[in-house]
Structures are given as C-alpha cells and as structure tokens.
Amino acid sequence: MKGMRILLYVLMAAAVAGGLGSCKQGAKDNASVQAAEEDEGKYFSITEYLEGQAELQKDQPYVLLKVVEKDGRSDSSYVEVNKDFFKELGTYFAPTDISDVILKDKYQVEQSHDSGNEMLFLYYNALDKDLLTQKVELGIHDETYKILSVYIETRKSGLFRSRATKLNYNTEKSIVIQEYEKSLFSDPVTTVIKYYYNY
C-alpha cells in the first residue's frame, strides 16, 4: 500500500509538470512527492495535466488534423495548438477531474506493470455508479514517469436523457473524444472528434 501511495504522488507531480520525462525533472519533483504524500485525498488531476501540456506545447508550431464524425458524415479541418485549443479540450476533460478531496475513497485504485514495454498502468474505477467519471486509466513510462496516455469514461443518466463519453489523450500523438447521447424522444446520437498530431 505504501508503494502504491508513493506511485500515486509521483504521478501527481508528473501531471503538474505536464508529464515531463527527464531524470532531472524526476529529481526536482521529489519535494512535491513528499508534500503530496501528506495529502492522501488527491487523485490524478486531468485539469493540471492539460495545463502542463498547454505550457509545454505553447511555443511548438503544431497544427493538428481535426476530424468530426456525426450522423454518418465526416468533416475535417486543421487547428493550431494554442490556448484556445486547450480551452476547448477543457470543456470535455475538466468535468471529469477526480482530484477533488471530496472524491477521496470513491474510487478503487489498482496498478499493473508491463516490463516488456517499460510501462506502468494505473486504474481508477468508480465505486459509485452515480459518479460522473466511472473510469480513469493512465499509461506511464516506468523509468521517466512520463504520462503517455490518459483514458476516461463518464456516464450520466437522467429520467429522459442519458449521456456517456470516452476520452483518450495520447500525449503528442492523438486525442479522441467520443460522445453517446440517448433521449427518450429521439434517436441515439454518436459524435466522435479526433485530433491527430501526425497525419
């Protein structure tokens, strides 16, 4: 359990840094890890992670291919990676953040290790089916602690409408947002938004 807790806070420090993967950064974050270890109420923050990514990529000349699929139609365009881009991503990702202390003990946390691919995997599964965020999965390089992927599932059910999302952020590779909406008075609607760094 102690090892699990330390891993959680190493990942928190990495998230604040936007997933930086250098050994120097790992050493620099030791103080952050120790401080976070005293606050056991915090889980991974997707909001802080995206803020870190925005900071890392703000001076990079990235232009992404954006593909939107809805109602059997597909439209594509190019978007710049800038403040507005990450603000738009935040509208999808920020509501899924599970780092608030009120969510302490609301998730079962597990980990696995793939030594062949030098990857650690951290899983948060909701213990309450009524929570918006039902699942968070992180893929982390086991030496640098750089977060390489974030996968999130949400679900919200109402009397007349239900909605589910699947969010997949593959660091500097692709971002996929899948939305499923079902209403009592209309046909189900599926919207998929994809961003590609390499195309």
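None of these values were measured; they are calculated from a predicted model.

Concerning unusual backbone geometry
Working note: non-glycine residues mostly have negative phi, and peptide bonds are mostly trans.
At step 1: A positive phi angle, close to 55°, is found at Asp71, a residue other than glycine.
At step 2: Residue placement: Asp71 occurs in the loop between strand E1 (63-70) and strand E2 (73-80).
At step 3: With relative accessibility at 53%, the residue Asp71 sits in the exposed group.
At step 4: Positive phi is not limited to glycine here, since Glu172 has a value of about 55°.
At step 5: With respect to the helices and strands, the residue Glu172 is situated in the loop between strand E7 (161-170) and strand E8 (174-183).
At step 6: Residue Glu172 is classed as partly exposed on the basis of its relative accessible area of 30%.

Side note on the packing of aromatic side chains
At step 1: Counted by the stated rule, this structure contains 9 aromatic pairs.
At step 2: Between Tyr43 and Tyr107, the ring centres sit 5.9 Å apart and the planes meet at 85°, which makes this aromatic pair edge-to-face. Of this pair, Tyr43 sits in the loop between helix H3 (30-37) and helix H4 (46-57) while Tyr107 sits in strand E3 (residues 107-114), placing them 64 residues apart in sequence.
At step 3: Assessed through its relative accessible area of 6%, Tyr107 is described here as buried.
At step 4: An angle of 80° between the planes, with centres 5.2 Å apart, marks the rings of Phe85 and Tyr195 as edge-to-face. A residue pair is termed long-range when its members are at least 10 positions apart, and Phe85 in helix H5 (residues 83-93) and Tyr195 in strand E9 (residues 186-196) qualify at 110 residues.
At step 5: The exposure class assigned to Phe85 is buried, which follows from its relative accessible area of 3%.
At step 6: A relative accessible area of 0% means that Tyr195 is categorised as buried.
At step 7: Connected via pairs of aromatic rings, a cluster forms that spans Phe44, Tyr49, Phe93 and Tyr169.

Some details on the pairing of E8
At step 1: Across 10 bridges, the pairing between E7 and E8 is antiparallel. Within E8, the position partnered with Tyr169 by the bridge is Ile175.
At step 2: Taken together, E7 and the strand that follows it, E8, pair antiparallel across an intervening segment of 3 residues, in which Glu172 is found at a positive phi of about 55°.
At step 3: Bridge analysis of E8 against E9 gives 9 bridges, and the strand direction is antiparallel. Of the residues in E9, the one forming a bridge with Val176 is Lys194.
At step 4: What sits between the antiparallel neighbours E8 and E9 is a turn of 2 residues.

Criteria and thresholds
Here the residue numbers are simple positions, counted from 1 along each chain's written sequence. Per-residue local features are limited, in this predicted model, to residues with pLDDT of at least 70; the limit for side-chain atom pairs, both in listing and counting, is 80 or more; totals at the level of whole chains, interfaces and linings are taken over all residues. Hydrogens are left out, water is left out, and the side-chain values use all remaining heavy atoms of the structure. Only DSSP runs of H or I with at least four residues qualify as helices, and only runs of E with at least two residues qualify as strands; both kinds are numbered from the N terminus onward. Relative accessibility decides the category of a residue: with a 1.4 Å probe and only protein chains considered, values under 20% of the type maximum give buried, values over 50% give exposed, and everything between is partly exposed. Ring pairs are drawn from Phe, Tyr and Trp, using the six-membered ring of Trp, whenever the two centres fall within 6.5 Å, and their geometry is named by plane angle: stacked under 30 degrees, edge-to-face over 60, tilted for the rest. When DSSP finds two or more bridges between two strands, those strands count as paired.

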